Protein chains: 2
Amino acid sequence: MNSHRYCVIMCGGVGSRFWPFSRNDKPKQFLDFFGTGKSLLQLTVDRILPVVGPDNIILVTNRQYADIIRQQLPQVKESNILLEPARRNTAPCICWAAHHIQALDPEASIVTLPSDHLVLKEDAFRQAIEKGLDFVENGNRLLTLGINPTNPNTGYGYIQQGSPAQDYDGIRKVKSFTEKPDVEMAKMFLSSGEFFWNAGIFLWSAKSILDAFEKYSPDIAQLFDAPEPVYATDKEAEFIEDSFPLSPSISIDYAIMEKADNVYVETVDLGWSDLGTWSALYEASPKNADGNVTQNCKVLTSDCNGTMFAVNGDKIIVAAGLKDYIVADNGNALLICPRADEQKVRQVVNEIKATFGDRFV
Amino acid sequence: MNSHRYCVIMCGGVGSRFWPFSRNDKPKQFLDFFGTGKSLLQLTVDRILPVVGPDNIILVTNRQYADIIRQQLPQVKESNILLEPARRNTAPCICWAAHHIQALDPEASIVTLPSDHLVLKEDAFRQAIEKGLDFVENGNRLLTLGINPTNPNTGYGYIQQGSPAQDYDGIRKVKSFTEKPDVEMAKMFLSSGEFFWNAGIFLWSAKSILDAFEKYSPDIAQLFDAPEPVYATDKEAEFIEDSFPLSPSISIDYAIMEKADNVYVETVDLGWSDLGTWSALYEASPKNADGNVTQNCKVLTSDCNGTMFAVNGDKIIVAAGLKDYIVADNGNALLICPRADEQKVRQVVNEIKATFGDRFV
């Protein structure tokens, strides 16, 4: 195993679209969605361990999740858990992690992973990451994984590929990024064969990404430029406490990827889903003869189909007459809504918070 | 208050049509359905207390509910709780209670009440009971209350009235009893003006009902004819333990009322519902502007109407796209079904019991 290889796992998200399973104090990445006995975060760590040793795995999260991370990942050492003092999206998180890793190892290469996605093809994943790390270790290049799209999904960002990279099959320059398109555009993307889903998986060397911040997001770069060595020392926490909250809240896509001229995409087939919504989980889950997902829970149905049932705990659901619904029951909250309406879930959570305070969210 | 007047409250029912609220260990009559802070049983006792003192209230129940009755009705003395050793429907229950009361007071008159019905007009109820008791105290007559029907309900039994009783306005001979009719017949009943809903509320003297058992159900009468005085003594429990389980399981309607020739009906308007089903509870409950019942629980709805939401405890429901449903959540069980399908609930409960054992029923 190449000891210069590091993995940053971003696990500070709130996951409000998965309410009522995802809660403020235990968001999606910490949940055992598939009843395998492991949370999505634990599955993410297991998936990368053949490529990156446990001592080189860095977790970046909001400080309110420190305890749950220590509990779920006892193999990760305390100094590898970076606790953000505020929520500022992915760009500052990635910049901090790159500084931290560069201080540990100036020659480091880094794969950055979301903590709450589904990857069914673990071997393909491992091979893609190894090839991608090799690619970014041999040049000042930023690499993103592009997923072969299987349908005109309007919930994903798309990456358009350009000319091929030399000597690396399946890696090409990025021609454009497109945020969530409408369905007509998504259909055109799909039929063109040039567009891939943006999986939010990034590879680069520590040096390359820090150079990119200097060049394309100098405001963020400046915040994290310490006047003296602080990263990976006992001065790091105090420095971050002061500087991190000053960062704009911005994604790495906007801050760097859409601006940089050295961005590449490695196209892969991973059996991937971002599990961004109940419907995405429905699509990713095995269905019974009626097209219902009742995995991991006791459900008696009559005249139900296309419905996603999710129950936390030893509970029974008896349901009749539901077509294409989501039924999600967790503790003190129950959601019943048509799958087509699920984009409203996030706003309902806000409404609940406004009406009842924090105890149901 | 006339000290010869007694009330028998039957509270041994299972109420499986109200699953998952009604459970084996806590059926419907013990639940606070309306969020008033009192169970249906407690409301029943409160309703009769202006007519019958607490020492003259006899509770007949299955022995598994002894503790919950003592807890809910501390004002009822222990010797007034008759614990059935087996479930045998209403006829043997009424026969036993009549013997018990006759032993306490040979001149007793008795009103027998279900424990799980809704009565909105308490004054009309009290007046009807007082008139009815007066009627049965002045002759060997069996009296039942008939409710003015407001719709062609097919879930109730109907009583057809005949010629008027002398000197008692609103009391007439019974011409016929009809079990749950089909909707065409129910409509004819309603338009004829001769038919009334059978509320399961009966009035008689102890002597009259025991005479009726001798005459119309001698098999049951014989079981409860003790060779020596046992009722209201410390020998009663042992005698009942042996004899009660030998009784056929039969309702008082079949065993006596449909056969006897001295049966009368007192027609009343009580704001009554038997609360026999979720739909009956829906009908009896106040509705919001969308026709949903969300009483006593926190519900956020979008595009829902005609739906009954019932939640036990401090829980929130977020629901969208439900028309005319029942959503009932209680502990380890959740029911979601169209109101039109609710007659299936009882059979589903049996299925759950067969599949998972007792822990969800």
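Before any of the text, the structure's been laid out above.
The sections below set out a description of the structure shown in this document. (Residues numbered from 1 in each chain as written. Chains lettered and ligands numbered in written order. Predicted model: local features only at pLDDT ≥ 70, side-chain atom pairs only at ≥ 80, totals over all residues. Heavy atoms only, no water.)

## Notes on the packing of aromatic side chains
Residue and element names in this part refer to chain A. Taken as a whole and assessed by the stated rule, the structure comprises 30 aromatic pairs over all chains. Centroid distance phenylalanine 135 to tyrosine 264: 5.0 Å. Interplanar angle 70 degrees. Geometry classified as edge-to-face. You can see phenylalanine 135 sitting in helix 4 (residues 122–137) and its partner tyrosine 264 sitting in strand 10 (residues 263–268), a full 129 residues away along the chain. A relative accessible area of 0% places phenylalanine 135 in the buried class. By way of ring pairs, the aromatic residues Phe18, Phe21 and Trp278 are connected into one cluster. The residue whose ring lies beneath arginine 141 is phenylalanine 135, and the NZ or CZ to ring-centre distance is 3.8 Å. (Phe/Tyr/Trp six-rings, centres within 6.5 Å; stacked < 30°, edge-to-face > 60°. Helix = DSSP H or I, 4+ residues; strand = E, 2+ residues; numbered from the N terminus. Buried < 20%, exposed > 50% of the residue type's maximum accessible area, 1.4 Å probe, protein only. Lys NZ or Arg CZ within 6 Å of the ring centre and 35° of its normal.)

## With respect to the relation of the copies chain B and chain A
Mapping one chain copy onto the other needs a rotation about an axis and a shift along that axis. Between the two copies, chain B and chain A, the superposition gives an RMSD of 0.0 Å; the rotation angle is 180 degrees and the shift along the axis is 0.0 Å. Both copies of the chain, as the preceding transformation shows, are related through a two-fold rotation axis. (Least-squares fit on C-alpha atoms with pLDDT ≥ 70 in both.)

## Overview of the pairing of strand 8 (residues 171–178) of chain A
Residue and element names in this part refer to chain A. Relative to strand 8, strand 7 (residues 158–164) runs antiparallel, the two being bridged by 5 bridges. What sits directly across from glutamine 160, in strand 8, is serine 176. With antiparallel pairing between neighbouring strands as the criterion, strand 7 and strand 8 make up a hairpin whose turn holds 6 residues, including aspartate 167 at a positive phi of roughly 70 degrees. Pairing geometry for strand 8 and strand 10, over 3 bridges, is antiparallel. Considered in strand 10, the bridge of arginine 172 is made with valine 265. (Pairing = 2+ DSSP bridges.)

## Let's talk about the side chain of Ser247(A)
Mapped onto the elements of the fold, Ser247(A) is located in the loop between helix 8 (236–243) and helix 9 (252–257). The contacts of Ser247(A), once residues within four sequence positions are left out, are Arg88(A), Pro92(A), Ile220(A) and Leu223(A). (Contact = heavy atoms within 4.5 Å.)

## Section: the pattern of salt bridges
Residues and elements named next belong to chain A. For the structure shown, the criterion picks out 44 salt bridges over all chains. In this structure, the salt-bridge partner of aspartate 211 is lysine 207, at a minimum N-O distance of 2.9 Å. On the criterion of helical spacing, the pair formed by aspartate 211 and lysine 207 is a turn pair, its members being 4 residues apart in helix 6 (residues 206–216). A relative accessible area of 49% means that lysine 207 is categorised as partly exposed. (Salt bridge = Lys/Arg side-chain N within 4 Å of Asp/Glu carboxyl O.)

## Here we look at the interface of chain B and chain A
Listed as interface residues are 32 residues of chain B and, on the opposing side, 32 residues of chain A. Taken over both partners, the interface formed by chain B and chain A buries close to 2500 Å², and the fraction arising from carbon and sulfur atoms is 66%. Looking at the side of chain B facing chain A, the largest losses of area belong to Ile316(B), Val318(B) and Ile336(B), adding up to 24% of the total buried there. Viewed at the interface, chain A and chain B are joined by 4 salt bridges. For Asp314(B), the salt bridge goes to Arg359(A), with nearest N and O atoms at 2.9 Å. (Buried area = accessible area lost by both parts, 1.4 Å probe.)

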